[in-house]
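Understanding the architecture of this molecule
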Amino acid sequence: MAKPLKPSGSVMTQTPSEVLRFRWLDAMLPDVPFDGWTEATAARAAKQAGLSEGEQALAAPNGVPDLIDAFFDRAGQAAREALADQDISALKTPARVKAGVLAWLAALEPNREAVRRAAVRGLLPWGAASAVQRTWRIADMVWDEAGDTSEDYNRYSKRGLLAAVIPPIIMYWLDQPSDEQLDTYIDRRLSLASGIGRNLGRIAKPLLDVLPVSRPNGSTKA
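The notes below deal with the structure included here. The numbers attached to residues start from 1 for each chain and follow its sequence in the written order. Local features are withheld for residues below a pLDDT of 70 in this predicted model, meaning they are given only at 70 or higher, and side-chain atom pairs are given and counted only at 80 or more; totals for whole chains, interfaces and linings count all residues. Note that the side-chain values use all heavy atoms of the structure and ignore hydrogens as well as water.

**A word on the packing of aromatic side chains**
Put simply, the rule reads: Stacked, tilted and edge-to-face are the three classes applied to pairs of Phe, Tyr and Trp rings, where Trp contributes its six-membered ring and a pair requires centres within 6.5 Å; stacked means planes under 30 degrees apart, edge-to-face means over 60, and tilted covers the rest. Strands are runs of DSSP state E lasting at least two residues, helices are runs of H or I lasting at least four, and both sets are numbered from the N terminus onward. Buried means the residue's accessible area, taken with a 1.4 Å probe over protein chains only, is under 20% of the maximum for its type, while exposed means over 50%, and partly exposed covers the values in between.
A full pass over the atoms with the stated rule returns four aromatic pairs. Ring plane angle 55° and centroid distance 5.4 Å describe the contact between Trp37 and Phe71, whose orientation is recorded as tilted. Placement of Trp37 in the loop between helix H2 (32–35) and helix H3 (39–49) and of Phe71 in helix H5 (residues 64–84) is noted, with a sequence separation of 34 residues between them. The pair Trp37 / Phe71 is uniform in exposure class, with both members buried. With a centroid separation of 5.0 Å and 75° between ring planes, the pair formed by Phe71 and Phe72 is classed as edge-to-face.

This is how it looks when you write it as structure tokens:
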């Protein structure tokens, strides 16, 4: 049976919509492994959680996709909290990135079947536009916790490359490999992404130096 994820922060720090969203999510999670992330499952959970139509609209205006986002975002927050309890500062960057990915997977472990159902519905980038944003947020969390503070094109290329390997890592993890097998697979995927990134940097940086590109502060370089 799926288990509620640890709430992201205390209730006191959550907005009213977040409180309602996580209440709805926690009521829904036990049924997701059996019935999937469907509108019918969400409707039953909303009734069980005692949410009115207005509260449902406030909690998840886009319906099920918002609840899936909340599910993965909360796992991301749990991963941040787990990493905060570790000392990864002495690790090299690839090891810190790997630690972030593993912490996120560990946060999802109690709800593996809910993850499988989300993958079927559209966790993969080619499944839906919202899934692209979802994997980007995961990659952003991992790189933030790895200590990346870059603000140039490197910031976006790093996150884009990691976001591209998250779906295959998830699909491999869903098959319940051994810890050793998972470690080897993640190492291989991250190494591949790193190699692509080095080649991308040699090509992209000269182009970004001469083309008008958006900067994080909203300015452009002409």
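**Describing the packing of helix H6 (residues 93–108) against helix H9 (residues 153–174)**
Put simply, the rule reads: Interaxial angles span 0 to 180 degrees and are taken between N-to-C directions of axes, which are lines fitted to C-alpha atoms, for helices over the stretch in contact. Note on terminology: angles under 35 degrees are roughly parallel, angles over 145 are roughly antiparallel, angles of 65 to 115 are roughly perpendicular, and the others are oblique. We call a crossing left-handed when the near helix sits turned anticlockwise from the far one by less than a right angle, and right-handed when that turn is clockwise. Note on contacts: a residue pair is in contact if any heavy atoms of the two residues lie within 4.5 Å. Three categories are distinguished: nonpolar for Ala, Val, Leu, Ile, Met, Phe, Trp, Tyr, Cys and Pro, charged for Asp, Glu, Lys and Arg, and polar for the others, with Gly belonging to the last.
Interhelical geometry of H6 versus H9 gives an angle of 45° and a closest axis separation of 12 Å. Taken together, the axes of H6 and H9 lie oblique to each other. Crossing hand, H6 versus H9: right-handed. Only Leu162, Ile166, Ile169, Ile170 and Trp173 of H9 make contact with H6, whose side of the interface consists of Val97, Val101, Trp104, Leu105 and Leu108. For the contact of H6 with H9, the per-class residue count stands at ten nonpolar, no polar and no charged.

**Comments concerning the nonpolar core**
For clarity, the cut-off: Only buried residues count toward a nonpolar core, which is a set of Ala, Val, Leu, Ile, Met, Phe, Trp, Tyr and Cys residues joined through side-chain atoms within 4.5 Å.
Counting residues in hydrophobic clusters, the biggest one holds 59 residues, and the most contacted among them are Trp37, Trp104 and Leu162. Elements with a minimum of two residues in this core: helix H1 (16–28), H3, H5, H6, helix H7 (112–123), helix H8 (129–145), H9 and helix H10 (179–210). Not counting the four nearest positions on each side in its chain, Leu162 is found in contact with Val97, Val101, Ala139, Val142, Trp143 and Leu190.

**Remarks on the packing of H5 against H6**
Look at H5 against H6: their axes get within 8 Å of each other, and the N-to-C directions meet at 125°. Looking at the two axes, H5 sits oblique to H6. Once H5 is placed against H6, the crossing between them reads as right-handed. The segment H5 lies against H6, with Phe71, Phe72, Ala75, Gly76, Ala78, Ala79 and Leu83 engaging Ala99, Gly100, Ala103, Trp104, Ala107 and Leu108. Taken together, the residues of the contact of H5 with H6 sort by class into eleven nonpolar, two polar and no charged.

**Some remarks on H6**
Stated precisely, the cut-off is as follows: Each helix should span, by expectation, one fewer than its residue count multiplied by 1.5 Å.
Under the 1.5 Å per step criterion, the end-to-end length of H6 is 23 Å for 16 residues, consistent within 8% with the ideal 22 Å. Where H6 is concerned, the buried positions are Arg96, Val97, Lys98, Ala99, Gly100, Val101, Ala103, Trp104, Leu105, Ala107 and Leu108.

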